[in-house]
Each structure stands twice: as structure tokens, then as C-alpha cells.
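What follows is each chain in one-letter form.
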Amino acid sequence: MKKALITGITGQDGSFLAELLLEKGYEVYGVVRRSSTIPKSRIEHLYIEPHNSTKLFLEYGDLSDGSSLRHLLSKIQPDEVYNLAAQSHVRISFDQPEYTNDVTGMGVLRLLEALKEYKSYTKKDVKFYQASSSEMFGDAPAPQNELTPFRPRSPYAIAKVSGYWHTINYREAYGMFCCNGILFNHESERRGENFVTRKITLAASRIKVGLQDKLFLGNLDAKRDWGYAKDYVEAMWLMLQQDKPDDYVIATGETYSIKDFLSAVFEELDLDWGKYVEIDSYYYRPTEVNLLLGDASKAEKKLNWKAKTKLNDLVKIMVKNDLLLAKQELHNKSFKNE
């Protein structure tokens with residue numbers, strides 16, 4: 001039985017990847033930071049499914065603590081490591097640049113160094129996946145592929161570029177099996193509520209049931225290549241099943257503006273977004289990325305991977321989930337007032 005170690009397992013991608021690996025018969029170990037409460041809502045269902053109940057384990061660790069990473073590798077002895085942990089909110093990275101760099105950039109270096117040391121005394125080359133980001137391209141001309149020069153426009157993107165090159169350096173310098181997945185925007189019903197897509201679907205659903213009156217947003221003209229996170233974690237796994245390590249862009253090849261996404265969500269709920277949305281300068285970034293459009297032809301050719309979920313289908317998935325949550329919230333509120 002293969003063992004996989006996932007950092008960021010409690011996040012959107014981590015939860016979908018854990019599901020995928022468990023379905024494939026892996027023993028899955030997730031790294032969580034020590035705190036008084038651990039947000040396990042995205043993976044809680046995996047504990048109550050009988051066939052998965054003994055194959056998913058959570059371990060304490062932190063990308064800011066190299067000794068904890070070395071300890072986990074020795075204890076678990078994984079076959080594959082997926083590094084999905086990061087301070088991943090672009091706007092917040094401007095407010096917390098040092099923290100973002102320490103976790104999102106230096107954290108990759110600490111984990112790679114731990115893997116190098118582990119390989120030196122076990123002679124086992126653990127396969128490593130690094131979650132790189134389309135934000136690294138910044139304002140580089142579209143479409144962007146594996147040969148497009150990076151032009152990072154945020155502390156988050158700069159930290160991701162650092163992690164990307166650390167990954168390549170350890171692959172080339174030490175012969176380690178290290179891959180970068182340059183994933184373009186990927187969303188789902190499990191997306192964090194402070195990310196713009198989920199912020200829109202949640203707010204629109206709450207507006208629909210009468211729990212909210214307004215939605216405040218920033219730049220509606222920025223264009224993104226949006227896919228479904230569940231599709232994208234399959235690409236992560238496929239990268240580590242190849243004979244040779246490499247780097248791949250993962251994207252749909254289609255781009256839409258935030259206004260397009262907004263319109264699709266409100267249309268799905270039979271609402272006019274113009275009546276409820278207001279622009280707030282707070283949500284503008286100091287430096288903006290106006291257009292991201294990925295060319296995933298390499299992944300399609302070498303991994304036999306292609307995005308399955310179109311934007312309209314993604315909107316339907318997210319709205320269905322969040323409308324249910326809004327109705328439940330309304331029910332609970334009404335029940336308390338009785």
C-alpha cells in the first residue's frame with residue numbers, strides 16, 4: 001500500500017486530493033498545525049466512511065518548523081509528498097508579506113531539505129509535488145505555458161516563484177523526483193469564503209433568501225482561467241506517476257472576467273446583480289493581474305489530462321451548495337426567533 005503525505009490537507013485541494021488517494025487505496029497522512037481548534041470540516045466525511053476510516057491520519061507539523069518535517073518523514077516513510085500548504089490569499093499577502101514568504105516560499109525549501117536528508121540515509125527517493133500558481137505569471141502575455149517568463153505581481157506570487165525554483169534546483173542538483181504543478185485558478189464548493197468566487201456564490205445565495213442586501217467587490221474586469229478543483233487534483237497525482245519528473249501548467253484554456261462569473265451566479269439564482277453589488281476600493285490589489293489564460297497542452301499530451309468541468313457547470317455546483325447553506329442559515333435563524 002502506498003503512503004502519501006499531504007500538507008494543507010484541511011484546505012480545498014487537500015480534501016479533494018485525500019479523497020482521490022483514498023479511492024486509489026493509499027494510506028493518507030495529513031499535516032496540520034497545532035492549534036486549539038483544527039478546521040476539519042472539509043475532510044470530516046472521510047472519517048465516517050467505513051472503507052476510509054483506518055487509512056486517513058492527521059499529524060502535527062508546520063512548514064515554518066523544519067525539525068517537525070524531518071520527524072514526520074522518518075515516522076511515516078511516505079512514497080509521495082504533496083505540498084499544498086501556503087498562505088494562499090493574494091490580497092492578504094500584501095498585508096502579511098513576511099509571513100507569506102516564510103510559509104509559501106521558505107516552507108518549500110524546508111520541506112525539500114528534509115526530503116534530501118531523508119533520501120541520504122534511507123536511499124529512498126520520495127516523489128514530491130509542489131503546488132505552484134498561475135499568479136507567478138503576473139502580467140506576462142497570454143496564453144501562458146511552461147516556457148512563459150514569470151512576472152510576479154504580489155508577495156504571494158513572489159513566494160510561489162521562490163518555491164518553484166527551489167523545487168527545480170533540488171531536482172537538478174540532487175536527482176530528486178520533484179514536480180511543479182502550475183495550477184491556474186480552480187474553485188469549488190469547498191473554496192475558502194474570502195476568495196472572490198466563493199464570496200460571490202455565498203453572498204448571492206444569502207441575498208436570494210433575504211439574509212443579505214449588498215455584496216462589496218473590487219476589480220470586476222480582471223480575467224481568470226477558472227477550473228474545478230476536483231479535476232485539478234487528478235493532475236497532481238498523475239504528475240507523480242510518470243517515469244520522469246517535470247513541470248506542468250494545469251488550466252482550462254478559457255478565460256472569463258470576474259464580472260462574467262458574477263453574472264453567471266446571479267443568473268443561476270434569477271437575480272440582477274446590478275441591484276446588489278457595490279465596488280469598494282479596499283478590495284483592489286496594489287498591483288493587479290489583469291489576464292490569466294493557461295495553455296495546458298503539455299499536460300494533455302504527456303499526462304492525458306484535460307479539464308472536464310466548464311465554468312457554467314462549476315457555477316451550478318457552487319450555487320447549489322451555497323443556496324443550501326443559506327436556506328439552512330435562514331431556518332436556524334427563524335428557529336431561534338420562535
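For the structure, see preceding data.
Residues numbered from 1 in each chain as written. Predicted model: local features only at pLDDT ≥ 70, side-chain atom pairs only at ≥ 80, totals over all residues. Heavy atoms only, no water.

1. Some details on the packing of helix H7 (residues 196-208) against helix H9 (residues 258-268)
Helix-helix packing: each pair is described by the crossing angle between the helix axes and the interaxial distance.
Line of reasoning, step 1. Packing of H7 against H9 leaves a shortest axis separation of 10 Å and a crossing angle of 30 degrees. In this view, H7 runs roughly parallel relative to H9, as classed from their interaxial angle. Here H7 runs over H9; the crossing is right-handed. Together, Val196, Thr197, Ile200, Thr201, Ala204 and Ile207 of H7 and Ile258, Phe261, Leu262, Val265 and Phe266 of H9 make up the contact between the two elements.
Line of reasoning, step 2. Residue composition of the contact of H7 with H9, by class: 9 nonpolar, 2 polar and no charged. (Axes fitted to C-alpha atoms, helices over the stretch in contact; angles between N-to-C directions. Helix = DSSP H or I, 4+ residues; strand = E, 2+ residues; numbered from the N terminus. Parallel < 35°, antiparallel > 145°, perpendicular 65-115°, else oblique. Left-handed = near helix turned anticlockwise from the far one by under 90°. Contact = heavy atoms within 4.5 Å. Nonpolar A, V, L, I, M, F, W, Y, C, P; charged D, E, K, R; others polar.)

2. Examining the packing of aromatic side chains
Line of reasoning, step 1. On inspection of all chains with the given rule, the structure shows 13 aromatic pairs.
Line of reasoning, step 2. Aromatic side chains Tyr118 and Tyr121 sit 5.7 Å apart centroid to centroid with 80 degrees between the ring planes, which places their arrangement in the edge-to-face category. With Tyr118 and Tyr121 both in helix H5 (residues 97-122) and 3 residues apart, the pair spans about one turn of that helix.
Line of reasoning, step 3. Judged by its relative accessible area of 3%, Tyr118 falls in the buried class.
Line of reasoning, step 4. According to the relative accessible area criterion, Tyr121 is exposed, its value standing at 51%.
Line of reasoning, step 5. With centroids separated by 6.3 Å and ring planes inclined at 25 degrees, the aromatic side chains of Phe266 and Tyr276 adopt a geometry described as stacked. With Phe266 in helix H9 and Tyr276 in the loop between H9 and strand E13 (277-279), the pair connects residues that are 10 residues apart, well separated along the chain.
Line of reasoning, step 6. The class for Tyr276 is partly exposed, based on a relative accessible area of 22%. (Phe/Tyr/Trp six-rings, centres within 6.5 Å; stacked < 30°, edge-to-face > 60°. Buried < 20%, exposed > 50% of the residue type's maximum accessible area, 1.4 Å probe, protein only.)

3. Thoughts on the sheet that holds strand E5 (residues 127-133)
Line of reasoning, step 1. Reading across the sheet, the 7 strands line up as E3-E2-E1-E4-E5-E6-E11 and stay open at both edges, with parallel pairing between neighbours. Bordering the open sheet on either side are strand E3 (56-60) and strand E11 (247-250), each of which pairs with just one other strand. Averaged over all pairs of adjacent strands, the angle between strand axes in this sheet comes to 20 degrees, irrespective of strand direction.
Line of reasoning, step 2. Bridge analysis of strand E2 (residues 27-32) against E3 gives 5 bridges, and the strand direction is parallel. Within E3, the residue paired with Val28 across the bridge is Leu56.
Line of reasoning, step 3. With respect to the sheet, H5 is in contact with strand E1 (3-7), strand E4 (80-83), E5 and strand E6 (178-183), its orientation differing from that of E5 by roughly 170 degrees.
Line of reasoning, step 4. The strands touched by helix H8 (residues 229-239) are E4, E5, E6 and E11; relative to E6, the strand with the most contacts, the crossing angle is about 160 degrees. (Pairing = 2+ DSSP bridges.)

4. Topic: the state of the cysteines
Such a bond, covalent and formed between the sulfur atoms of two cysteines, is termed a disulfide.
Line of reasoning, step 1. Counted under the stated rule, the structure contains 0 disulfides.
Line of reasoning, step 2. For the unlinked cysteine Cys178, the closest cysteine sulfur is that of Cys179, found at 7.5 Å.
Line of reasoning, step 3. Given the relative accessible area of 0%, Cys179 is considered buried. (Disulfide = S-S within 2.5 Å.)

5. Details of the environment of Phe94
Line of reasoning, step 1. Here Phe94 shows up in helix H4 (residues 90-95).
Line of reasoning, step 2. Linking Phe94 and Leu58, residues 36 residues apart in sequence, is a C-alpha distance of 31 Å.
Line of reasoning, step 3. With sequence-adjacent residues up to four places away left out, Phe94 is seen in contact with Arg153, Ser154, Pro155, Arg285, Pro286 and Thr287.

6. Comments concerning H5
Line of reasoning, step 1. The terminal C-alpha atoms of H5, which comprises 26 residues, lie 36 Å apart, in line with the 38 Å expected from a rise of 1.5 Å per residue.
Line of reasoning, step 2. Buried within H5 are the following residues: Thr100, Val103, Thr104, Gly105, Gly107, Val108, Leu111, Leu112, Ala114, Leu115 and Tyr118. (Expected span 1.5 Å × (residues − 1).)

7. Focus: unusual backbone geometry
Both trends apply: most residues other than glycine have a negative phi, and most peptide bonds are in trans.
Line of reasoning, step 1. Residue Ala142 is joined to Pro143 through a cis peptide bond whose omega torsion reads 0 degrees.
Line of reasoning, step 2. Its place among the elements puts Pro143 in the loop between E5 and helix H6 (155-174).
Line of reasoning, step 3. Unlike most non-glycine residues, Lys123 shows phi in positive territory, near 65 degrees.
Line of reasoning, step 4. By secondary structure assignment, the location of Lys123 is in the loop between H5 and E5.

8. Some points on the side chain of Gln212
Line of reasoning, step 1. Inspection of the secondary structure assignment puts Gln212 in the loop between H7 and strand E8 (215-217).
Line of reasoning, step 2. A polar atom in the side chain of Gln212 sits 2.7 Å from the side chain of Arg206.
Line of reasoning, step 3. A polar contact is formed between the side chain of Gln212 and the backbone oxygen of Lys214, at a distance of 2.8 Å.
Line of reasoning, step 4. When neighbours within four sequence positions are excluded, Gln212 is seen to be in contact with Ala203, Arg206 and Ile207. (Polar contact = N/O pair within 3.5 Å; in protein donor to acceptor, adjacent residues only side chain to side chain.)

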